[in-house]
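Now for the letters of each chain:
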Amino acid sequence: QVQPVELGGGLVQAGGSLRLSCTASGRTFSGYAMGWFRQAPGKEREFVAAISWSGGNTRYADSVKGRFTISRDNAKNTVYLQMNSLKPEDTAVYYCAAKQGLPTTVANYNYWGQGTQVTVSS
């Protein structure tokens, strides 16, 4: 069973940057599409970005396009979310998730991490 583990959350000022990482505990991410989702207090979990196994297919929420970049290093079994030009509305718990097949924007992923807090101060 694949168990994603998120790293890299923290507190940053508006306009700053953070890079989240997601590694696998247990099995590797081999063959899995990966996604990042986030959930702010009192809000539904929402899609942020996703990437195919090969890395050739990426998808982004409109709210993060041009600011966030998803990538993966399969040799290191790690997926990254580079977040630039952060805004207070990006404050949320960020979750990494894995699924077989194509990367999707809906939360139909099979395996989820515990989440990491990202807080952007104004």
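Above this text sits the structure in question.
About the criteria used
- In this numbering scheme, every chain counts its residues from 1 along its sequence in written order.
- Thresholds applied to this predicted model are a pLDDT of at least 70 for local features of residues and 80 or more for the giving and counting of side-chain atom pairs; totals over whole chains, interfaces and linings are not thresholded and use all residues.
- For the side-chain quantities, the full set of heavy atoms in the structure was used; hydrogens and water were omitted.
- Runs of E in the DSSP output that reach at least two residues are strands. Runs of H or I that reach at least four are helices, and both are numbered from the N terminus.
- Categorising residues by exposure relies on relative accessible area from a 1.4 Å probe, with only protein chains included: less than 20% of the type maximum marks a residue as buried, more than 50% marks it as exposed, and the intermediate range marks it as partly exposed.
- Here a polar contact means two N or O atoms within 3.5 Å. Within protein one must be a hydrogen donor candidate and the other an acceptor candidate, and residues neighboring in sequence count only if both atoms are side-chain atoms.
- Here, two residues are considered to be in contact whenever any of their heavy atoms come within 4.5 Å of each other.
- Side-chain atoms within 4.5 Å are what join buried Ala, Val, Leu, Ile, Met, Phe, Trp, Tyr and Cys residues into a set we call a nonpolar core.
- We treat two strands as partners when DSSP finds at least two bridges between them.

### Notes on the side chain of Arg67
- With respect to the element layout, Arg67 can be found in the loop between strand E6 (58–60) and strand E7 (68–73).
- Judged by its relative accessible area of 10%, Arg67 falls in the buried class.
- A polar contact of 2.9 Å, which involves the side chain of Arg67, links it to the backbone oxygen of Ser63.
- A polar contact of 3.0 Å, which involves the side chain of Arg67, links it to the backbone oxygen of Ser85.
- When residues no more than four places from it in sequence are discounted, the contact partners of Arg67 are Gln82, Met83, Asn84, Ser85, Leu86, Lys87 and Asp90.

### Looking at the nonpolar core
- With 33 residues, the main nonpolar core has Met34, Trp36, Leu81, Met83 and Tyr94 as its most contacted residues.
- Contributions of two or more residues to this core are made by strand E3 (18–26), strand E4 (32–39), strand E5 (46–51), E7, strand E8 (78–83), strand E9 (92–100) and strand E11 (116–121).

### Quick notes on the pairing of E5
- The buried count for E5 comes to five of six residues, which makes it a mostly enclosed element.
- Where E4 meets E5, five bridges bridge the pair, whose relative direction is antiparallel. The partner of Met34 across the bridge, within E5, is Ile51.
- Connecting E4 to the next strand, E5, in antiparallel fashion are six residues, including Gly42 with a positive phi near 75°.
- With three bridges joining them, E5 and E6 adopt antiparallel strand pairing. In the strand pairing of E6, Ala50 is matched with Arg59.
- Linking two consecutive strands that pair antiparallel, namely E5 and E6, is a turn of six residues; a positive phi of about 90° is found at Gly55 within it.

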